[in-house]
Amino acid sequence: MDYRRLGSTGTKVSELCFGTWRFGRETGGVLETDREEAHALLDTFEAHGGNFIDTANVYGNPNGTSEEYIGDWLAERDRDDFVLASKVYFPFDGRGEPGPNDSGLGRKHIRTQIEGTLDRLDTDYLDVYYIHRWDDETPIEETLETLTQLVEDGKVNYLGASTMAAWQLTKALWKSEVEGLERFEVTQPLFHAAYRDDVADYLDVCADQDLAVCPYSPLAGGFLTGKYERADPDDPTQVEAPDGSRGSFDERFSNFYLSARGWEVLDAIRGVADEVDATPAQVALRWLMDQEDFTCIPIVGARTTDQLEENVGAAEISLDAAQFERISEARYDEEGNRWGHRD
């Protein structure tokens, strides 16, 4: 994989980030990725030149399991070879029933959680510390002051912001500037080739402020891998899904990802994939990686090493301008607006 600057920072990361939200996670009483499988996935990512790893304090059952798996794996490597990102906001149940200060972005919760995260990862510092959500109950000044202190203490290098509204991101950036505080340098929105709602203004802020964009669910929960087919041509929410796939058991998948435009985008991606001898997943990832308005580093969260091998293969393909635009044009709305372009 090639490496690119993380937004306007001086740190370089692999052009794909590996997401570890499945590490230690149980679904229906079944462990999705155990410690051995997690280490095999990290080995594969490392072997392909990957150095950017994403986790969160609440990933895994119990909370913190993902960070522990990563910390164990890093113990046999040079920590400084990797760029680690984690997050804070949600209730952390490591002490049993969460108390009134065991969630959010107040000073007390952040200071408690950073210590736990560093301990589980067995490291002295994080490269990126995201706020996992916006906290309506805590003044953004308090949050930014606390995070700035973590940077000054050498516990965090850069600040990141996950899902939030464009106005909230803008407010936080303005507060950082006028108060002389550290600003968010990295963002983590939901963004993929088939998703356009509620993200355009957010991405405009990222482009204007030279923020890195690390989209989660870049393959639309598996929809853009091409493994689903239309079950009813008159109802875009009806799909034929392979047994055990997300679309076969998760109603949210249908409600959230599927639309008539989504199928148009997938058709365009499939057509380009045939032309460049790649899979739809690789083309969907490459389309994100080729964004020119901002540095875009998709977070891939493969369940198996074979899936991860396929995902990192996106680094080996290229799209010409016409192929890139064909996918982008499938995202046009009725007024002719689109998100994602390349000159």
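## Overview of helix α12 (residues 321-329)
Thinking step 1. If you check which residues of α12 are buried, you get Gln-323, Phe-324, Glu-325, Ile-327 and Ser-328.
Thinking step 2. N-cap assignment for α12: the residue whose side-chain oxygen lies 3.1 Å from the backbone N of Ala-322 is Asp-320.

## Things to note about the packing of aromatic side chains
Thinking step 1. For the structure shown, the criterion picks out 10 aromatic pairs.
Thinking step 2. Look at Trp-73 and Phe-82: their rings are 5.2 Å apart centre to centre, the planes differ by 70 degrees, and that puts the pair in the edge-to-face class. As far as burial versus exposure is concerned, Trp-73 and Phe-82 are alike and both buried.
Thinking step 3. Over the aromatic face of Tyr-125 sits the side chain of Arg-79, whose NZ or CZ is 4.0 Å from the ring centroid.

## Re the nonpolar core
Thinking step 1. Membership of the largest hydrophobic core comes to 89 residues, with the highest contact counts inside it found for Tyr-129, Leu-169, Phe-184, Leu-224, Val-283 and Ile-327.
Thinking step 2. With near-sequence residues (within four places) excluded, Phe-184 lies in contact with Ile-131, Leu-144, Leu-147, Leu-159, Gly-160, Ala-161, Leu-169, Ala-172, Leu-173 and Leu-211.
Thinking step 3. Grouped together as the second largest cluster of nonpolar side chains are 13 residues, Cys-17, Ala-85, Val-128 and Ile-299 included.

## Topic: the pairing of strand β9 (residues 156-161)
In summary, the side chains of a regular strand alternate between the two faces of the sheet.
Thinking step 1. For β9, a buried count of 5 out of 6 residues is recorded, marking the element as mostly surrounded by other parts of the structure.
Thinking step 2. Two elements, strand β8 (residues 126-131) and β9, share 5 bridges in a ladder whose sense is parallel. Opposite Ile-131, over in β9, you have Ala-161 as the bridge partner.
Thinking step 3. Considered for its hand, the β-α-β crossover made up of β8, helix α4 (residues 140-152) and β9 is right-handed.
Thinking step 4. Here β9 pairs with strand β10 (residues 184-187) via 3 bridges, running parallel.

## Topic: the pattern of salt bridges
Thinking step 1. Considering all chains together, one arrives at 18 salt bridges under this definition.
Thinking step 2. Where Arg-107 meets Glu-145, a salt bridge forms, and the shortest distance between an N and an O atom there is 3.4 Å. Residue Arg-107 is located in helix α3 (residues 107-121), and its partner Glu-145 is located in helix α4; the two are separated by 38 residues in the primary sequence.
Thinking step 3. Note on Arg-107: relative accessible area 28%, which makes it partly exposed.
Thinking step 4. By relative accessible area, which is 38% here, Glu-145 ends up partly exposed.
Thinking step 5. The salt bridge partner of Arg-230 is Asp-267, with a shortest N-O separation of 3.0 Å. Of the two residues, Arg-230 sits in strand β12 (residues 229-230) while Asp-267 sits in helix α9 (residues 260-276), which places them 37 residues apart along the sequence.
Thinking step 6. Since its relative accessible area comes to 36%, Arg-230 is described here as partly exposed.
Thinking step 7. Residues participating in the shared-partner salt-bridge network are Arg-4, Glu-15, Arg-286 and Asp-290.

## With respect to the pairing of strand β7 (residues 83-88)
Thinking step 1. Summarising burial for β7: 6 of the 6 residues are buried, a large majority.
Thinking step 2. Because side chains alternate across β7, one face comprises the buried residues Val-83, Ala-85 and Lys-87, and the other comprises Leu-84, Ser-86 and Val-88, equally buried.
Thinking step 3. Across 3 bridges, strand β6 (residues 52-54) lies against β7 in parallel orientation. Note on β7: the bridge partner recorded for Ile-53 is Leu-84.
Thinking step 4. A crossover links β6 with its parallel partner β7, the connecting element being helix α2 (residues 65-74), and its sense is right-handed.
Thinking step 5. Two elements, β7 and β8, share 4 bridges in a ladder whose sense is parallel. Among the inter-strand pairings, Ser-86 is bridged to a residue of β8, identified as Tyr-129.

## What to know about a negative patch on the surface
Thinking step 1. Together, Asp-201, Asp-204, Asp-208, Glu-292 and Asp-293 make up a region of like negative charge exposed at the surface.
Thinking step 2. You can see Asp-201 is positioned in helix α6 (residues 200-209).

## Notes on the packing of α9 against α12
Thinking step 1. Where α9 meets α12, the axes come as close as 8 Å, and the angle between the chain directions of the two elements is 165 degrees. Taken together, the axes of α9 and α12 lie roughly antiparallel to each other. Handedness of the α9/α12 crossing: left-handed. Here Val-265, Ala-268, Ile-269, Gly-271, Val-272, Glu-275 and Val-276 of α9 come into contact with α12, specifically with Gln-323, Arg-326 and Ile-327.
Thinking step 2. Considered class by class, the residues forming the contact of α9 with α12 number 6 nonpolar, 2 polar and 2 charged.

Conventions we followed
- Residues numbered from 1 in each chain as written.
- Predicted model: local features only at pLDDT ≥ 70, side-chain atom pairs only at ≥ 80, totals over all residues.
- Heavy atoms only, no water.
- Buried < 20%, exposed > 50% of the residue type's maximum accessible area, 1.4 Å probe, protein only.
- Helix = DSSP H or I, 4+ residues; strand = E, 2+ residues; numbered from the N terminus.
- Polar contact = N/O pair within 3.5 Å; in protein donor to acceptor, adjacent residues only side chain to side chain.
- Phe/Tyr/Trp six-rings, centres within 6.5 Å; stacked < 30°, edge-to-face > 60°.
- Lys NZ or Arg CZ within 6 Å of the ring centre and 35° of its normal.
- Core = buried A, V, L, I, M, F, W, Y, C linked by side-chain atoms within 4.5 Å.
- Contact = heavy atoms within 4.5 Å.
- Pairing = 2+ DSSP bridges.
- Right-handed = clockwise from strand over helix to strand, strands pointing away.
- Salt bridge = Lys/Arg side-chain N within 4 Å of Asp/Glu carboxyl O.
- Patch = residues over 30% accessible without salt bridge, like charges linked within 9 Å, V, L, I, M, F, W, Y side chains within 5 Å.
- Areas by Shrake-Rupley, 256 points an atom, 1.4 Å probe, with all protein chains shown as cover.
- Lys, Arg positive; Asp, Glu negative; His and termini not counted.
- Charge placed at Lys NZ, Arg CZ, Asp CG, Glu CD.
- Axes fitted to C-alpha atoms, helices over the stretch in contact; angles between N-to-C directions.
- Parallel < 35°, antiparallel > 145°, perpendicular 65-115°, else oblique.
- Left-handed = near helix turned anticlockwise from the far one by under 90°.
- Nonpolar A, V, L, I, M, F, W, Y, C, P; charged D, E, K, R; others polar.

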